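# Descriptive analysis of the structure
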Amino acid sequence: MDFNIDILNQLIERQQYFKELILSINDSRKHYQKVMVIDAAKPSLISSLIYKTKKPVFLITSTPEKAKILFDQVTKWNHVIDANILPEPDVIPYQKGTADPVITHDRLKILDNLLNRESDDNTPVLISSIHSAIQRVIDAREYIVNSYRLKTGQKIDLLELTDMCQSIGYNIADIVENTGFISRRGGIFDIFPPSSERPIRIEFFGDEIESIRVFDPDTQRSLENLKAVSYTHLTLPTKRIV
């Protein structure tokens with residue numbers, strides 16, 4: 001027999017302690033609320049809070065291992081959330097060394113998703129270890145100022161877009177295979193922003209963006225249609241992103 005999570009959420013909502021907790025969360029005069037909960041009950045309580053409030057949630061654990069366990073538990077309890085684990089930085093603060101570009105990309109992608117959410121997107125839930133959470137992150141306002149967004153139906157001159165991308169650090173290539181490169185062929189514009197796992201292909205009809213698709217750099221085949229794409233200034237201070 002299938003287990004109905006919605007019914008359990010409704011049962012938890014009827015409990016007096018839960019009603020008081022919701023009132024406390026919605027009280028702008030309170031900056032925090034301490035709740036003692038056994039580990040086994042945390043996933044169900046978190047799920048019910050998300051179900052009731054529809055507000056973004058940031059969960060912090062003591063270790064990376066506990067963050068992964070909590071991620072698995074929460075996503076099983078609630079299937080209508082957009083949950084992510086904030087990747088562990090491989091370079092600790094004040095340590096000399098170059099950050100892993102894969103980790104930089106993953107953290108940047110999460111930041112971009114949080115700042116460019118649509119109103120109908122699922123509730124965002126970010127889970128992190130304390131070590132990952134205390135790592136300095138670029139200020140959201142600075143990130144927004146240095147990021148750009150293209151949507152289907154938007155009108156923009158393709159030559160101006162190419163020039164603008166070059167001015168913020170992108171290099172032109174015949175074929176886009178790596179982060180930081182762009183390519184233009186007729187009404188097709190390819191770009192590989194640091195916040196994307198794969199390059200993006202933008203097709204124009206005149207000056208209007210007709211389609212935006214993720215594509216495989218090896219086969220050049222389209223993989224997924226997108227409504228919009230964000231790309232950032234390549235000279236952003238990445239030491240403050242990771």
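Everything discussed here concerns the structure shown above.
Rules used in this analysis
Residues numbered from 1 in each chain as written. Predicted model: local features only at pLDDT ≥ 70, side-chain atom pairs only at ≥ 80, totals over all residues. Heavy atoms only, no water. Helix = DSSP H or I, 4+ residues; strand = E, 2+ residues; numbered from the N terminus. Buried < 20%, exposed > 50% of the residue type's maximum accessible area, 1.4 Å probe, protein only. Areas by Shrake-Rupley, 256 points an atom, 1.4 Å probe, with all protein chains shown as cover. Patch = residues over 30% accessible without salt bridge, like charges linked within 9 Å, V, L, I, M, F, W, Y side chains within 5 Å. Salt bridge = Lys/Arg side-chain N within 4 Å of Asp/Glu carboxyl O. Pairing = 2+ DSSP bridges. Axes fitted to C-alpha atoms, helices over the stretch in contact; angles between N-to-C directions. Contact = heavy atoms within 4.5 Å. Polar contact = N/O pair within 3.5 Å; in protein donor to acceptor, adjacent residues only side chain to side chain. Core = buried A, V, L, I, M, F, W, Y, C linked by side-chain atoms within 4.5 Å.

Once that is clear, we can look at the overall build of the protein. Counting its secondary structure elements, the protein contains eight helices and 11 strands. Within the protein, buried positions represent 38% of all 242 residues. Accessible surface, the protein: about 15,000 Å² in total, of which carbon and sulfur atoms supply 52%.

What follows deals with a nonpolar patch on the surface. There is a patch of nonpolar side chains on the surface, built from Phe 58, Ile 60, Ile 130 and Ile 134 and spanning about 390 Å² of accessible area. Tracing the backbone through its elements, the reader meets Ile 134 in the loop between helix 6 (130-133) and helix 7 (140-145). The class of Ile 134 is exposed, set by a relative accessible area of 58%.

Strand pairing in a sheet is mediated by backbone hydrogen bonds. Such pairs are either parallel or antiparallel. With parallel pairing, the three strands of this open sheet are ordered in space as 1-3-2. Single-partner strands in this sheet number two, and they are strand 1 (57-61) and strand 2 (81-85). Across the sheet, the mean angle separating the axes of adjacent strands is 20° when strand polarity is ignored. Contacting strand 1, strand 2 and strand 3 (123-129), helix 4 (residues 64-77) runs over the sheet at an angle of about 165° to strand 2.

Further remarks concern the environment of Thr 162. Note that Thr 162 resides in helix 8 (residues 158-167). Taking relative accessible area as the criterion, Thr 162 reaches 6% and is therefore assigned buried. For the pair Thr 162 and Ile 172, spaced 10 residues apart in sequence, the C-alpha separation works out to 8.6 Å. Setting aside its immediate chain neighbours within four residues, Thr 162 contacts Ile 172, Ile 182, Arg 184 and Phe 189. There is a polar contact of 2.9 Å between the side chain of Thr 162 and the backbone oxygen of Leu 158.

This part covers the nonpolar core. Burial of nonpolar side chains together is a common tendency in soluble globular proteins. Core analysis: the biggest nonpolar cluster contains 18 residues, and Leu 161, Phe 189, Ile 191 and Ile 202 have the highest contact counts within it. Residue assignment for this core shows that the elements contributing at least two residues are helix 8, strand 7 (188-191), strand 8 (200-205), strand 9 (208-215) and strand 11 (228-232). Counting 10 residues, the second-largest nonpolar core is a separate cluster that includes Ile 50, Ile 81, Ala 83 and Ile 127.

With five of five residues buried, strand 11 is to be regarded as a mostly interior element. Here strand 11 shows two buried faces, one formed by Ala 228, Ser 230 and Thr 232 and the other by Val 229 and Tyr 231. Pairing between strand 4 (residues 147-151) and strand 11: five bridges, direction antiparallel. When the bridges of strand 11 are listed, Leu 150 appears paired with Val 229.

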